[in-house]
Amino acid sequence: MQPHKTTILLARAGYGPMLALELGQRFGIQAQLLGDDGVETDPDLNIPIYSETVFARQHLPTAIHIPLDPLDQAVRDMMAQFTKTAQRPNRQKGRWTFHCYGLEDNQANQLALKLEKTLLSQVKQHLPKLWKRYLDPAAMATGQTLPGDFVVQLYCQNASSSWLSAGSFASGISPYIAGNLRMRARPDAPSRSSRKLEEAFRVLGKKPSPGETAVDLGAAPGGWSYGLARQGALVTAVDATDLKLPDTKTFRENVQHVRENGLLYLPPSPVDWLCCDMVVSPYETLRVLRNWLDKQLMQHFIINLKLPKSEPWKPIAEAMDLMQRHPWHTFKARHLFHDRFEITLMASREKPLSVKPAP
């Protein structure tokens, strides 16, 4: 009997209901919740890939359910699927990697680590031709994936349930484990929000070039001004509160602190970048964005929207409608790894480029 196959989209742990809401509101798809962390749908249904959504982070195509109790039987079932994958004509040449993970369930994470070691050892022993084409996840994620490259994913939902999937990166699977793009913490950064901005540069496919101008609204304590200046941008940091930037030449020369209200500030002439991470109502942030768009004051923007507990989809839908009236080359709305109960809007008038993190 063939195992039942399903398609899974995973969100951040606990954000499955938000993903289900998005699929219903934006795409008219009624998806079944998979715990609190994702959704599952019929594999024949035309669902968006993770990068076309706000809340999905990873895509598991044609996933099959494998109970984890008893564990020995689970390993045998998983190896049977590895063998089938190795025998498929479209899996004979490409490089591959293995993502084995839980989300925020400690038992599931510990089990995933154990299963990863066991399964890779068995692949090496019993499927040597497949093993020769293996790349570790970090090498695959940081390099250039090729059309035939694929990933086997084992998502341990909890201590008793798992899902196994194999699919090509070209079909829309994140090269990062669980879709989590973690940025390195920098000890001299004024706040953790600098990692959020760096992640946004990667997702947008665009970052400031040295000498480009940027306005950072609601800049204090300076996390985003820090990230912009590190790229060489000339930053106008707008906030009535003091900044906590490192006292180095880069930040003294590249950042001008303007003590004004970020909700009201407008630059004397257009700039290259508008950035905003103000802790205000999302509707106030969208009013600011609408004003800047109407006056054509920037070429690119990265804006953070803090979501309300009541009707969280409403400001997101408003942001989508706003960008439909301003059809720039690139627009993305994503719940980033470094976001909390908020989303990040990113847009550029220009074609995106491949962006690597600054050293």
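Reading the values: the criteria
- Residues numbered from 1 in each chain as written.
- Predicted model: local features only at pLDDT ≥ 70, side-chain atom pairs only at ≥ 80, totals over all residues.
- Heavy atoms only, no water.
- Helix = DSSP H or I, 4+ residues; strand = E, 2+ residues; numbered from the N terminus.
- Buried < 20%, exposed > 50% of the residue type's maximum accessible area, 1.4 Å probe, protein only.
- Contact = heavy atoms within 4.5 Å.
- Expected span 1.5 Å × (residues − 1).
- Pairing = 2+ DSSP bridges.
- Axes fitted to C-alpha atoms, helices over the stretch in contact; angles between N-to-C directions.
- Salt bridge = Lys/Arg side-chain N within 4 Å of Asp/Glu carboxyl O.
- Phe/Tyr/Trp six-rings, centres within 6.5 Å; stacked < 30°, edge-to-face > 60°.
- Lys NZ or Arg CZ within 6 Å of the ring centre and 35° of its normal.
- Parallel < 35°, antiparallel > 145°, perpendicular 65-115°, else oblique.
- Left-handed = near helix turned anticlockwise from the far one by under 90°.
- Nonpolar A, V, L, I, M, F, W, Y, C, P; charged D, E, K, R; others polar.

(A) A look at the overall build of the protein. The helix and strand inventory of the protein stands at ten helices and 14 strands. Taken along its principal axes, the extent of the C-alpha atoms in the protein is 70 × 45 × 35 Å. The proportion of buried residues among the 359 residues of the protein is 55%. Contacts spanning at least 24 positions in sequence make up 67% of the contacts within the protein whose residues lie at least 6 apart.

(B) Structural context of helix α6 (residues 193–204). For α6, spanning twelve residues, the distance from its first C-alpha to its last is 17 Å, which sits close to the expected 16 Å at 1.5 Å a residue. Looking at the buried side of α6, the elements it contacts are α7 (223–230), β11 (271–276), β12 (298–306), β13 (330–334) and β14 (342–348).

(C) Highlighting the sheet that holds β12. With respect to topology, seven strands assemble into an open sheet ordered β10-β9-β8-β11-β12-β14-β13, the strand pairing being mixed. Since the sheet does not close on itself, it has two edges, and those belong to β10 (255–258) and β13, each with one partner. Each strand axis lies, on average, 15° off the axis of its neighbour in the sheet, ignoring direction. Sheet contacts for α6: β11, β12, β13 and β14; angle to β14, the most-contacted strand, approximately 45°. Packed onto the sheet, helix α9 (residues 282–294) meets β8 (213–217), β11, β12 and β14 and runs at close to 170° relative to β12.

(D) Summary view of the pattern of salt bridges. For the coordinates displayed, the defined rule picks out eleven salt bridges. Between Lys306 and Asp277 there is a salt bridge, with its nearest N and O atoms 2.7 Å apart. On the criterion of sequence distance, the pair formed by Lys306 in strand β12 and Asp277 in the loop between β11 and α9 is long-range, its members being 29 residues apart. Judged by relative accessible area, Lys306 falls into the buried class, the value being 16%. Note on Asp277: relative accessible area 13%, which makes it buried.

(E) Representation of the packing of aromatic side chains. Enumeration over the complete set of coordinates arrives at eleven aromatic pairs. Looking at Arg91, its charged tip hangs above the ring of Phe150, at a distance of 4.8 Å from the centre. The ring of Phe341 carries the charged tip of Lys309 above its face, separated from the ring centre by 4.4 Å.

(F) Examining the sheet that holds strand β7 (residues 161–168) more closely. Strand order in the open sheet made by the seven strands is β2-β3-β1-β4-β7-β6-β5, with mixed pairing throughout. Edge positions in the sheet fall to β2 (32–34) and β5 (96–101), since each of these pairs with one other strand and no more. Mean inter-strand twist for the sheet, computed between neighbouring axes without regard to direction, equals 35°. Relative to strand β3 (residues 38–41), β2 runs antiparallel, the two being bridged by three bridges. The partner of Leu33 across the bridge, within β3, is Val39. Strands β4 (58–67), β5, β6 (150–158) and β7 of the sheet are contacted by helix α2 (residues 71–87), whose axis makes an angle of about 135° with β4. Sitting on the sheet, helix α3 (residues 106–126) touches β5 and β6, and the angle it makes with β5 is about 150°.

(G) Structural view of helix α1 (residues 16–27). Compared with the 16 Å implied by 1.5 Å per residue over twelve residues, the 16 Å span of α1 between its first and last C-alpha is a close match. Taken together, the buried positions of α1 are occupied by Gly16, Met18, Leu19, Ala20, Glu22 and Leu23. Phi turns positive one or two residues past the end of α1, at Gly28, with a value near 65°.

(H) Layout of the environment of Lys93. With respect to the secondary-structure elements, Lys93 resides in the loop between α2 and β5. We classify Lys93 as exposed; its relative accessible area is 77%. Residues Lys93 and Asn254 lie 161 residues apart in sequence; the distance between their C-alpha atoms is 49 Å.

(I) Looking closely at the pairing of β7. In terms of burial, β7 is largely enclosed, as eight of its eight residues are buried. Burial along β7 is two-sided: the face carrying Ser161, Trp163, Ser165 and Gly167 and the face carrying Ser162, Leu164, Ala166 and Ser168 are both buried. Alignment of β4 against β7, held across four bridges, turns out to be antiparallel. Bridging across to β7, Ile64 finds its partner in Leu164. Two elements, β6 and β7, share eight bridges in a ladder whose sense is antiparallel. Across the sheet, the residue bridging to Asn158 is Ser161, located in β7. Once β6 ends, the chain turns through two residues before running back antiparallel as β7.

(J) Seen up close, the packing of α6 against α7. Interaxial distance between α6 and α7 falls to 7 Å at its minimum, and their mutual angle equals 45°. Between α6 and α7, the interaxial angle falls into the category oblique. Regarding α6 and α7, the two cross each other, and that crossing is right-handed. On the side of α6, the interface is formed by Ser193, Ser194, Lys196, Leu197 and Phe201, while α7 contributes Gly223, Trp224, Tyr226, Gly227 and Leu228. A breakdown of the residues in the contact of α6 with α7 according to their chemical character gives five nonpolar, four polar and one charged.

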